[in-house]
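Take a look at the letters that make up each chain.
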Amino acid sequence: MNTQSASYAVIDYVDSHTAGEPTRVITSGFPALGDAPLPDRVNLLRTQHDQYRRAVCTEPRAAEIVVGALLLPPTTPGSVASVVFFNNVGYLGMCGHGAIGVISTLQFLGRIAPGTHALDTPVGTVTCTLLDSGEVEIENVPAYRHRATVRLEVPGYGPVVGDIAWGGNWFFLVDVGGQDINRARIPELTRFAQAIRTSLNTNRVTGADGAEIDHIELFGAPSGADTNSRNFVLCPGAEYDRSPCGTGTSAKLACLAADGTLAPDQPWVQESVIGSRFVGRYQRRGDAIIPTIRGRAFICGAGKLLIDANDPFAWGIR
């Protein structure tokens, strides 16, 4: 492919999906971000180079559900790499399905073999085990429940009760009881979750230190006896997670541990709204837990994104 005669900037990528949720790993083409701590590099991307995020994760090059993962050299001795996650509206501290996708991509690129690998993220280093089966286990950052049984008035729906928990991102978790969580109800579930998030913001209900709660997790009965729960997760940007959500499952495990309804190392099979699954378990660490999430990613594409300086939508449709 000849790109020399046109005014193209080139971004190299590998695409995968984890339990149905896409991850686009960027291997080259982003501006240099220096060697500052990862949170500072995220801020540099956000304030000076945000057009790269938009080019990768928004139309016309991507569906709004795509999660980007900028692959960088490790920041911690012994780690295999570091990564910055982002989506159609901003940046993520951690992404469970994305971390599984990154590890599978590193194997696809020939950089790692089955075994245990440390991966640096803006909210901490996670331990990732690539199994011979192709599955990946992510030992996530510490998770905990911040507040339990928070009552919220949601216009159009009435009172809603949920828990606030951290699993690498902030979640408001709501048990919808006997309501079905299935693909046919995705528009309805989306509207409900959006209304909850709006009410959280309106009423200034936050995570620790005033942090925005930008993920809403609705959960209900599983589809069968071999799973424990089925969920619907609304991500920032109003897209729903096709996977069971790694950080959302971590937040759920934290709530179960706080309630004493799930013992350490007891498996929890979390099903997504499309029927895909993660298996979670946890270990206690002080007032928090260390969740482990197991799932599998599949490589489904690789190539180059071309940024034409003459294209009015080169950096995404805003």
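A few points on the structure. (Residues numbered from 1 in each chain as written. Predicted model: local features only at pLDDT ≥ 70, side-chain atom pairs only at ≥ 80, totals over all residues. Heavy atoms only, no water.)

### A word on the layout of surface pockets
Line of reasoning, step 1. Of the voids in this model, the largest pocket is the one considered here, and its volume is about 300 Å³.
Line of reasoning, step 2. In terms of lining residues, the largest pocket is bounded by 15 residues, among which Tyr91, Leu92, Gly93, Asn169 and Asp214 are the most central.
Line of reasoning, step 3. Contributions of two or more residues to the lining of the largest pocket are made by α1 (38-48) and β5 (91-92).
Line of reasoning, step 4. Considering every element that reaches the lining of the largest pocket, the biggest residue donor is α1, with three residues. (1 Å grid on protein atoms, 1.4 Å probe; cavity = no way out; pocket = protein on both sides within 12 Å on 5 of 7 lines; lining within 4 Å. Points joined across faces, edges and corners; volume = space filled by probe spheres on them. Helix = DSSP H or I, 4+ residues; strand = E, 2+ residues; numbered from the N terminus.)

### Notes on the side chain of Glu271
Line of reasoning, step 1. By secondary structure assignment, the location of Glu271 is in strand β14 (residues 268-271).
Line of reasoning, step 2. With a relative accessible area of 3%, Glu271 lands in the buried category.
Line of reasoning, step 3. Polar contacts involving the side chain of Glu271 include one to the side chain of Thr227, which spans 3.5 Å. (Buried < 20%, exposed > 50% of the residue type's maximum accessible area, 1.4 Å probe, protein only. Polar contact = N/O pair within 3.5 Å; in protein donor to acceptor, adjacent residues only side chain to side chain.)

### Brief notes about the pairing of strand β7 (residues 124-130)
Line of reasoning, step 1. Relative to β7, strand β6 (residues 115-121) runs antiparallel, the two being bridged by seven bridges. Bridging from a neighbouring strand, Thr116 pairs with Thr129 of β7.
Line of reasoning, step 2. Hairpin connection from β6 to β7: two residues lie between these consecutive antiparallel strands. (Pairing = 2+ DSSP bridges.)

### A few points about the pattern of salt bridges
Line of reasoning, step 1. Under the definition given, this model contains 15 salt bridges.
Line of reasoning, step 2. A salt bridge links Asp163 to Arg145; the shortest N-O distance between them is 3.0 Å. Of the two residues, Asp163 is situated in strand β10 (residues 158-166) and Arg145 in strand β9 (residues 144-154); the sequence distance between them amounts to 18 residues.
Line of reasoning, step 3. With relative accessibility at 13%, the residue Asp163 sits in the buried group.
Line of reasoning, step 4. Overall, Arg145 belongs to the partly exposed group, its relative accessible area being 22%.
Line of reasoning, step 5. Among the ionic pairs, Arg242 bridges to Glu239, the shortest N-O distance being 3.4 Å. (Salt bridge = Lys/Arg side-chain N within 4 Å of Asp/Glu carboxyl O.)

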